[in-house]
Amino acid sequence: MTQRPPQQAPVTVRVFTQQFSSSPLGAHLARHLTLRRLHDWDLPYDTDVVHTAALLVAELAANAVTHGRVPGRDFELRLSLGPDRLVIEVSDDRGERRPPGPGELAAPPSGATDGRGLILVEALADRWAVLDRVPAGKTVRAELDLPR
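What this report covers is the structure whose coordinates are included nearby. (Residues numbered from 1 in each chain as written. Predicted model: local features only at pLDDT ≥ 70, side-chain atom pairs only at ≥ 80, totals over all residues. Heavy atoms only, no water.)

Section: the sheet that holds strand β3 (residues 85-92)
Selection rule: At least two bridges found by DSSP between two strands are what make those strands a pair. Only runs of H or I of at least four residues qualify as helices and only runs of E of at least two qualify as strands under DSSP, and these elements are numbered from the N terminus. Note on geometry: axes are lines fitted to C-alpha atoms, helical ones only across the stretch in contact, with angles between N-to-C directions running from 0 to 180 degrees. When checking whether two residues touch, look at their non-hydrogen atoms; a contact exists if any pair is within 4.5 Å.
Here we have five strands laid out as an open sheet, ordered β1-β2-β3-β5-β4, and antiparallel in their pairing. The open sheet has two free edges, formed respectively by β1 (14-21) and β4 (127-132), since each of these has just one partner strand. Averaged over all adjacent pairs, the angle separating strand axes in this sheet is 15°, with direction ignored. Two elements, β1 and strand β2 (residues 74-81), share eight bridges in a ladder whose sense is antiparallel. Across the sheet, residue Q18 finds its bridge partner in β2, namely L77. Here helix α2 (residues 48-67) sits on the sheet in contact with β1, β2, β3 and β5 (138-145), set at roughly 10° to β3.

Let's talk about unusual backbone geometry
With an omega of 10°, the peptide bond between V134 and P135 qualifies as cis. Relative to the helices and strands, P135 is located in the loop between β4 and β5.

Here we look at the packing of α2 against helix α3 (residues 117-124)
Quick reminder of the rule: For classification purposes, angles smaller than 35 degrees are called roughly parallel, those larger than 145 roughly antiparallel, those between 65 and 115 roughly perpendicular, and all remaining angles oblique. Take the far helix as the reference: if the near one is turned anticlockwise from it by less than a right angle, the crossing is left-handed, and if turned clockwise, right-handed. Under the scheme applied here, ten amino acids are nonpolar (Ala, Val, Leu, Ile, Met, Phe, Trp, Tyr, Cys and Pro), four are charged (Asp, Glu, Lys and Arg), and all others, including Gly, are polar.
Contact pair α2 / α3: the axes reach a minimum separation of 10 Å and the direction vectors enclose 150°. In terms of orientation, α2 and α3 fall into the roughly antiparallel class. For the crossing formed where α2 meets α3, the hand is left-handed. Here α2 contributes T52, L55, L56, E59, L60 and N63 to the contact with α3, which in turn contributes G117, L118, L120, V121 and L124. In the contact of α2 with α3, the residues fall into seven nonpolar, three polar and one charged.

So, the pattern of salt bridges
Our working definition: Put simply, a salt bridge is a Lys or Arg side-chain nitrogen that is within 4 Å of an Asp or Glu carboxyl oxygen. Summary of the burial criterion: residues with accessible area below 20% of their type's maximum are buried, those above 50% are exposed, and those between are partly exposed, where the area comes from a 1.4 Å probe applied to protein chains only.
Enumeration over the complete set of coordinates arrives at 14 salt bridges. Linking D93 and R73 is a salt bridge whose minimum nitrogen-to-oxygen distance equals 3.2 Å. With D93 in the loop between β3 and α3 and R73 in the loop between α2 and β2, this pair connects stretches of sequence that are 20 residues apart. Residue R73 is classed as partly exposed on the basis of its relative accessible area of 46%. A salt bridge links R141 to E143, with the shortest nitrogen-to-oxygen separation between them at 3.0 Å. In this structure E143 comes out as buried when scored by relative accessible area, which is 11%. Three or more residues are tied together by salt bridges with common partners; here these are R78, D84, R85, E89, R127, R141, E143 and D145.

Thoughts on the packing of helix α1 (residues 24-40) against α2
Where α1 contacts α2, the two axes come as close as 9 Å, and the packing angle between them is 155°. Taken as axis vectors, α1 and α2 run roughly antiparallel relative to one another. At the point where α1 passes α2, the crossing takes the right-handed sense. Counting all contacts with α1, which are made through P24, A27, A30, R31, T34, L35 and L38, the residues of α2 involved are V50, A53, A54, V57, A58, A61, A62 and V65.

This is the structure we're talking about:
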């Protein structure tokens, strides 16, 4: 008699994708909609994962608006929640303005008022990357591991 393999529990992956205007208001809305979506997915507002996700979205959306803006084009936010991680992706159409990737970041000059956003992303995300976007542009992806 042969044994049956153990049954695996079904895996649910929740995905949310939204385009926002490449403006400060669009970046602000992306952060707030992220908080709402994560709450709808049963991640309470007062958890470290949700606070960290909100910071990551705020930084990545601000970068897309500031450095990736193409007039008349939006930026895109994509959230993907699996059983063990939350993936945040912010995409824009400006592929020629590709930021340095993980391990390539340099500290901004002393006294600089900007240039720390991706350093914050590197510190907060469990993993992150800069990816090419087809047909044009780039995506900055950050992953957060969920507590067991």
